[in-house]
Amino acid sequence: MASSLTKDSARPGTPGTEQTFFGHPRGLATLFMTEMWERFSYYGMRALLPLYLVAPGGLHLSAATATAIYSVYVSLVYLLALPGGWFGDRVWGPRKTVAVAGGVIMLGHLTLALPNSGTFYAGLGLVAIGSGLLKANISTMVGHLYEGKDDPRRDGGFTVFYMGINLGAFAAPLVIGTIGENVNWHLGFALAALGMALGLGQFLIGSRHLADRSSVVPTPLSAEEKASTLRKAAIWAAVAVVFYAIVGFSGHYTLNWILVPLTLLGLIIPVMVLGRIKRDKDLDRTEQRSMSAYIWFFVAAAVFWMIYDQGGSTLSIFADSSADNTIFGWEFPVSWYQSVNPVLIMALAPVFAWFWLALNRRGKEPSTIVKFASGLVLVGASFFLFLAPLSIAEGGHKAAAAWLVAIYFVQTVGELLLSPVGLSVTTKMAPAKYASQMMGVWFLAVTAGDATTGLLSIAGVDLNKTGIVALEATLAVVAGVAVWMYRSRVKELMGSVH
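A brief report on the enclosed structure follows.

Definitions and cut-offs
- Note that residues are indexed from 1 along each chain, following the sequence as it is written.
- Under the rules for a predicted model, residues below a pLDDT of 70 receive no local features and side-chain atom pairs below 80 are neither given nor counted, while totals for whole chains, interfaces and linings still include all residues.
- Side-chain numbers come from the whole structure's heavy atoms, not from hydrogens or water.
- Only DSSP runs of H or I with at least four residues qualify as helices, and only runs of E with at least two residues qualify as strands; both kinds are numbered from the N terminus onward.
- For every residue, the accessible area obtained with a 1.4 Å probe (protein chains only) is divided by the maximum for its type, and the residue is called buried under 20%, exposed over 50%, and partly exposed between those limits.
- Side-chain rings of Phe, Tyr and Trp, where Trp is taken by its six-membered ring, are said to pair if the distance between their centres is within 6.5 Å; with planes under 30 degrees apart they count as stacked, over 60 as edge-to-face, and otherwise as tilted.
- Criterion for a charge above a ring: Arg CZ or Lys NZ at most 6 Å from the ring centre, at most 35 degrees from the ring normal.
- Interaxial angles span 0 to 180 degrees and are taken between N-to-C directions of axes, which are lines fitted to C-alpha atoms, for helices over the stretch in contact.
- If an angle is under 35 degrees, it is roughly parallel; if it is over 145, roughly antiparallel; if it lies from 65 to 115, roughly perpendicular; otherwise it is oblique.
- Handedness of a crossing is defined here by the sense of rotation of the near helix relative to the far one, left-handed for an anticlockwise turn of less than a right angle and right-handed for a clockwise turn.
- Residues are grouped as follows: nonpolar covers Ala, Val, Leu, Ile, Met, Phe, Trp, Tyr, Cys and Pro; charged covers Asp, Glu, Lys and Arg; every other residue, Gly included, is treated as polar.
- Each patch is assembled from residues with relative accessible area greater than 30% and no salt bridge, linking like charges that lie within 9 Å and nonpolar side chains (Val, Leu, Ile, Met, Phe, Trp, Tyr) that lie within 5 Å.
- The protein chains shown are the only cover counted for residues, whose accessible areas, like all others here, come from Shrake-Rupley with a 1.4 Å probe.
- When a carboxyl oxygen of Asp or Glu lies within 4 Å of a side-chain nitrogen of Lys or Arg, that pair is called a salt bridge.
- In this text, buried Ala, Val, Leu, Ile, Met, Phe, Trp, Tyr and Cys residues form a nonpolar core when linked through side-chain atoms within 4.5 Å.
- We call two residues contacting when some pair of their heavy atoms lies within 4.5 Å.

1. A short note on unusual backbone geometry
So, point 1. Its identity as a non-glycine residue notwithstanding, His60 has a phi of 55°, on the positive side.
So, point 2. One non-glycine residue, Phe328, lies in the positive phi region at around 50°.
So, point 3. With respect to the helices and strands, the residue Phe328 is situated in the loop between strand S5 (326–327) and strand S6 (330–331).
So, point 4. Owing to a relative accessible area of 87%, Phe328 belongs among the exposed residues under this scheme.

Structural data, given as structure tokens:
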């Protein structure tokens, strides 16, 4: 990255040094590389996970159990972003939280690399905890690099940062997936640990370039709050240990004793959080109306993510068993499909940005509600498209790889319509009291969607059957049409938010 660093003495306020990274504060290079390597480790392991769970040389579980484990794991990553943000705000500060998170993630991947099924789930738990801690705080530090919200470089800085996410996500399946599938599963997980080690090393070496306030704990716990928090945590931990000890020693323990509670938490906590905000008497009438409208967006987003995230589980397992994974006669690893989305994001995001700007100049840019509804319809359409390869497979033939690429393409277009709009509308509709917490609430839509997939899998529903796929597709399209039909009502509730 040295060639991208330039002197910029005109910006003495750049934290740590006068050098810049593509015209941005030098600290952006540190955070860019940290996030890129962390996403490399995360998406590499995630690409291997469902395949390892069903493989005869792996855990050799059923497709339904593998999908449940995958879905619960992903829902936990987003659920834990809430306490991760709390730790950054109240206990360690963002910089220390990210450093600790990197170490926890690396330890988790190393645990996954051990050839022992008993430690495998502990490794998943460690990666989920570390990812939750890191996800909530590293973006905050990007914002700290700039001189207030009006810094003209701010939006561009986040764009560069998110490119790091997609670069890591694109490269990971090609490297980690190939080694894991073709050489050794546990060596693949070890490569994920190496990726996180590189990211953590980059972060520790380059942290001197970060803003000073990234080390500050914004609202530290008082001594009384610390004591109360530790006491409550100890009580809940003791209850869990005693409960699972009884279940284990009585001979009744199965994997569902872990999966079912975690899945239910992924559904209950988002409802509780939204309900608590909605019932807050400190919110004025306008904020209450905005939250009522936001709940529509939240539920619709949960439906979207329920289908979208099956690209890493249901579609991957289908590709492993029923697709012809070849290009011009050359067979490629199944995990490579997980590189399709990030490369499409990098290719299409600038096109969408230009397209919306061009329509806006003509006064024809679709509203937030229309974009959101279109994203839902498209993710539903992707599963209607999935019916074709499913039918081919049921006929005893292998489905062409092009079918799966087409499904990922439609889902990516849907993501580009819904996800940026969802992030934007979350910040705009957030009540002032919850301004810093609402991004975590948006992540809970992912949690709820993946928890729903997990619950269906635990119930024994085969998500690779045409009936359930058609049902999910119909649900998304109906949700999209409903959002569009009630756009006037939702717009009214949104008030001045556009």
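Next, the rest of the story.
2. Quick look at the packing of aromatic side chains
So, point 1. Scanning the model with the defined rule gives 27 aromatic pairs in all.
So, point 2. Look at Phe243 and Tyr244: their rings are 5.1 Å apart centre to centre, the planes differ by 85°, and that puts the pair in the edge-to-face class.
So, point 3. Of the residues examined, Phe243 reaches a relative accessible area of 38% and is grouped as partly exposed.
So, point 4. On the basis of relative accessibility, which here comes to 26%, the residue Tyr244 falls in the partly exposed class.
So, point 5. Look at Phe304 and Tyr308: their rings are 5.5 Å apart centre to centre, the planes differ by 20°, and that puts the pair in the stacked class. Of this pair, Phe304 and Tyr308 are both found in helix H10 (residues 285–308), four residues apart, which corresponds to roughly one turn of the helix. Comparing Phe304 with Tyr308, the two get one shared label, buried.
So, point 6. When the ring centre of Phe443 is taken as reference, the NZ or CZ atom of Lys135 above it lies at 5.6 Å.
So, point 7. The positively charged end of Lys371 is found above the aromatic ring belonging to Trp356, 4.4 Å away from the centroid.

3. Brief notes about the packing of helix H1 (residues 27–54) against helix H7 (residues 185–206)
Two measures define how a pair of helices packs: the angle their axes make with one another and the distance between the axes.
So, point 1. Two elements in contact, H1 and H7, have axes separated by 8 Å at closest approach and are oriented at 165°. The angle between H1 and H7 falls in the class roughly antiparallel. In the packing of H1 onto H7, the handedness of the crossing is left-handed.
So, point 2. The residue makeup of the contact of H1 with H7, split by class, is 16 nonpolar, nine polar and one charged.

4. Remarks on a nonpolar patch on the surface
So, point 1. A cluster of nonpolar side chains, namely Trp296, Val377, Val481, Trp484, Met485 and Tyr486, defines an oily patch on the protein surface of about 580 Å² accessible area.
So, point 2. If you tally residues by element for the nonpolar patch, the top one is helix H16 (residues 466–485), at three residues.
So, point 3. Assignment of secondary structure puts Val377 in helix H13 (residues 368–394).

5. Thoughts on the nonpolar core
Proteins that are soluble and globular tend to have nonpolar side chains buried together.
So, point 1. The biggest cluster of nonpolar side chains holds 104 residues, and the ones touching the most others in it are Tyr73 and Tyr294.
So, point 2. When residues no more than four places from it in sequence are discounted, the contact partners of Tyr294 are Leu274, Val425, Thr426, Met429, Met438, Val441 and Trp442.
So, point 3. Phe21, Met33, Val98 and Leu200 belong to the second-largest nonpolar core, a separate cluster that totals 25 residues.

6. Overview of the environment of Gly132
So, point 1. Summarising the element assignment, Gly132 is placed in helix H5 (residues 117–144).
So, point 2. When its relative accessible area of 0% is taken as the criterion, Gly132 is described as buried.
So, point 3. Residues Gly132 and Val425 lie 293 residues apart in sequence; the distance between their C-alpha atoms is 22 Å.
So, point 4. Setting aside chain neighbours within four positions, we find Gly132 in contact with Val77, Leu80, Ala81 and Gly84.

7. Topic: the pattern of salt bridges
When the charged atoms of two side chains with opposite charge come close together, those side chains can pair.
So, point 1. Summed over the entire model, instances satisfying the criterion amount to three salt bridges.
So, point 2. The shortest N-O distance in the salt bridge between Arg39 and Glu38 comes to 2.7 Å.
So, point 3. Note on Arg39: relative accessible area 4%, which makes it buried.
So, point 4. Judged by relative accessible area, which is 1%, Glu38 ranks as buried.

8. Brief notes about the environment of Phe158
So, point 1. If you trace the backbone, Phe158 turns up in helix H6 (residues 154–182).
So, point 2. The class of Phe158 is buried, set by a relative accessible area of 18%.
So, point 3. Among all residues touching Phe158, those that are not within four sequence positions of it are Ser139, Val142 and Gly143.

9. Notes on the side chain of Ser382
So, point 1. Along the chain, the position of Ser382 falls in helix H13.
So, point 2. Ser382 gets classed as buried once you look at its relative accessible area, which sits at 0%.
So, point 3. If near-sequence neighbours (up to four positions away) are discounted, Ser382 is found in contact with Ile307, Ile407, Val410 and Gln411.

Nothing here speaks to function; it is all geometry.
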